[in-house]
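Coordinates in review
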Amino acid sequence: MLRLPTELYNRCRNVLLNCSEFDSHVSLQTLFVTAELHPFRDSLPEASSKSGRVDACLGFLLLKRLSNGQPVFPLLLTALRDRYQVGDGLRDELDRLLEEVQPTSSVQSAHLFICYKRNTDPDEQLALYLYNILTDQGHEVFIDQSMRTGAAWLEEIDQQIRTSDFLVVLLSEESADSEMVQSEIQRAYEYRQLQGRPHILPVRIAYEEMLPYTVSAFLKPLQYIAWNDPDDNQRVAQSILATVTGQPMPSTSFHMSPSISNLLSEDGRPIEDEEALHSPLPAFDPRFLEELEAPGGVVKLRDQFYIERDADIYLKQEIVKLGTTTTIRAPRQTGKTSLLMRGIHHARQRGAKVVPIDLQSFGYDLLDSVDVFLRELAESICHELRLDESDLEKTWRLSTGVQKKLIYYLEDQVLSEFEQPVVIAIDEADSLLHTTFYRDFFGLLRSWHNRRASHYQWENLNIVLVISTEPYLLIDDINQSPFNVGLDLDLPDFTDAQVLELMRQHGWVESEHYLSQFMNLFNGHPYLTRKALYTLVTQSITWPDLAKVAPTDQGPFGDHLRRQHWHLRDQPELQTALRQIIEHKCCPDDRALFRLLRAGLVKGSGDVYTCRCDLYHQYFKEKLI
């Protein structure tokens, strides 16, 4: 690969953004006419924007060399330069870039990003050791050790991930639950899908438990490098260096397949002790849902720290009826998926056939077109219900549109096969918003709802949708929307009484004395409430001390707050909207407002909106104002 220093990479990117050849994929392909470049023409990754084409082209070509070892990227710069006349400013800029890029062509250094949880050992000690070893070998290594804050620093982290060849992620018991570590892994995965890099190299740090779903979903089917103690430092470094240089990995690498316990925590984590406290997961882990099937299931879901709300009762009633459509709507980290999983478990106990669909687990390749997506959805239904795959293949050979194929398959091969209700439960349904076909799919779901009136088989179908967005932002035609029919369940934050119950369950003896202050700071935010109680009980910190450090990057919620801030870094319209809410309790930009509502950062109705809790108000007031 051709490794460019970050500053040179950024200048290359800025110059290419000024070149009209990147205005479309077709015009970009016209550069690849020479004998050296033509073999790469049809493999160029496509993108929907000019900046996306530049990033994808850079990521693709910097990895490529000719059979004689010559890097391909300088050939592209030469082809571009020759398109412009002498004296043209762009030609001069491309000439200067060529002069700087050519000397780096023989340098085989790589750019690595070390992802780890700060202020945690042995994670930080190993991160520093790897930084020194990799730097000594001539590689450019980024490590976030300073804990700087602010939008510029968060943008720097994103840029470093984007320009990295490898992301080395150190996974310990603590870092695996870190929201910031999870976000950096996800971002690296997204960039790899777009531009072919960075490659992710996971290192297990004396940790052999099941990784959280929000981590493992982006690491499959990667192998892990094992670290047990400081004696393994050198071997781990050698493994990484070997991978960076394209050699076989010399270390013992392995796939983790730990056995499941017979008990899951309230948020889906395998646990052994029903009474033990565990740090809450930022998101429910749905992987063991199958193990909860009744009758006679050996795995149970612990309810000790689960607060049942009215929505639990309504969902259990609705999900076992015939011909129902239910929408669960609430902001992030409110417990939507936990509610859904308990509803699915209840439906299975009552004999229903359930197909859980987590759209966040669908890769970019499956969301590229409606044809590919609906075929994958049909295969998920077929496999989940243990149906004959040949019937699916037969239906898909019909000479009709893909939407009708799915309708025929459900009608003839699925709904007619079962007397019990068939529940299709779609989590994170609004994650389809970034696709080109989301309106068509939501319209298709509405058509399934409507067919119940004229086709008796469809009375057997129950639909459950989980969303964080206002329904009208998902589909503006009310006659085509599946979100304005059936039962609509809003999931509120915890009340004073529910928080007090959780305090007592955690055994926090000062609960009643500080309830008012606790509610003022967290306002019943389910995840933050459980995180705070876990911290108070397990770390023996007093409430005054916790409240003092809570809204800082160094406090127990710093990881969570930095993640929220990071997701706002390149969205100035959301920063402006949040600033207006903090200062004036209003927001004239409806679309930005509802994106903040979906993210769980604000609350309100009508013309009055505030931060969801005082913790967010204090933190973002200091960051944005």
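The preceding data block contains the structure.
Before going into details, it helps to say that this report is about the structure given with it. Since the model is a prediction, treat every value here as computed from it, not as a measurement.

**Considerations on the packing of aromatic side chains**
If you walk through the whole model with that rule in mind, you get 17 aromatic pairs. Here F442 and F483 contribute two aromatic rings whose centre-to-centre distance is 5.1 Å and whose plane-to-plane angle is 70 degrees, an arrangement assigned as edge-to-face. Here F442 is found in helix α16 (residues 438–451), whereas its partner F483 is found in the loop between α17 (471–474) and β14 (487–490), with 41 residues between them in sequence. Overall, the relative accessible area of 0% leaves F442 in the buried class. In this structure F483 comes out as buried when scored by relative accessible area, which is 5%. Pairing F522 with W543 gives two aromatic rings, centres 6.2 Å apart and planes at 70 degrees, and the pair type is edge-to-face. Here F522, found in helix α19 (residues 511–522), pairs with W543, found in helix α21 (residues 543–549); they are 21 residues apart in sequence, far enough to count as distant. On the accessibility criterion, W543 (2% relative accessible area) is buried. Joined through ring pairs, the aromatic side chains of F373, F437, Y438, F441, F442 and F483 make up one cluster. The residue whose ring lies beneath R204 is Y224, and the NZ or CZ to ring-centre distance is 4.9 Å.

**Considering the environment of V203**
If you trace the backbone, V203 turns up in strand β4 (residues 199–205). Residues V203 and I240, 37 residues apart in the sequence, show an inter-C-alpha distance of 9.5 Å. The contacts of V203, once residues within four sequence positions are left out, are L126, V168, V169, L170, L171, I225, W227 and V236.

**Considerations on the side chain of D123**
Its place among the elements puts D123 in helix α6 (residues 123–136). Of the buried charged residues, D123 lacks a salt bridge, with K117 as the closest side chain of opposite charge at 8.2 Å. Within the structure, D123 has its side chain in polar contact with the side chain of S172 (distance 2.6 Å). In this structure D123 touches Y116, K117, L170, S172, S175 and I205, once residues within four positions along its chain are discounted.

**Some details on the sheet that holds strand β10 (residues 325–329)**
Overall, parallel pairing links the five strands, which are arranged β11-β12-β13-β10-β14 in an open sheet. At either end of the open sheet lies a strand with only one pairing partner, and these are β11 (353–358) and β14. Averaged over all neighbouring strand pairs, the angle between strand axes comes to 15 degrees, with direction disregarded. Both strand β12 (residues 422–427) and strand β13 (residues 461–467) contribute to a ladder of five bridges, which runs parallel. Note on β13: the bridge partner recorded for I426 is L465. Most of the contacts of helix α11 (residues 310–319) go to β14, to which it runs at about 155 degrees, and overall it touches β10, β12, β13 and β14.

Rules behind the numbers
- Residues numbered from 1 in each chain as written.
- Predicted model: local features only at pLDDT ≥ 70, side-chain atom pairs only at ≥ 80, totals over all residues.
- Heavy atoms only, no water.
- Phe/Tyr/Trp six-rings, centres within 6.5 Å; stacked < 30°, edge-to-face > 60°.
- Helix = DSSP H or I, 4+ residues; strand = E, 2+ residues; numbered from the N terminus.
- Buried < 20%, exposed > 50% of the residue type's maximum accessible area, 1.4 Å probe, protein only.
- Lys NZ or Arg CZ within 6 Å of the ring centre and 35° of its normal.
- Contact = heavy atoms within 4.5 Å.
- Lys, Arg positive; Asp, Glu negative; His and termini not counted.
- Salt bridge = Lys/Arg side-chain N within 4 Å of Asp/Glu carboxyl O.
- Polar contact = N/O pair within 3.5 Å; in protein donor to acceptor, adjacent residues only side chain to side chain.
- Pairing = 2+ DSSP bridges.
- Axes fitted to C-alpha atoms, helices over the stretch in contact; angles between N-to-C directions.

By themselves these figures say nothing about function.
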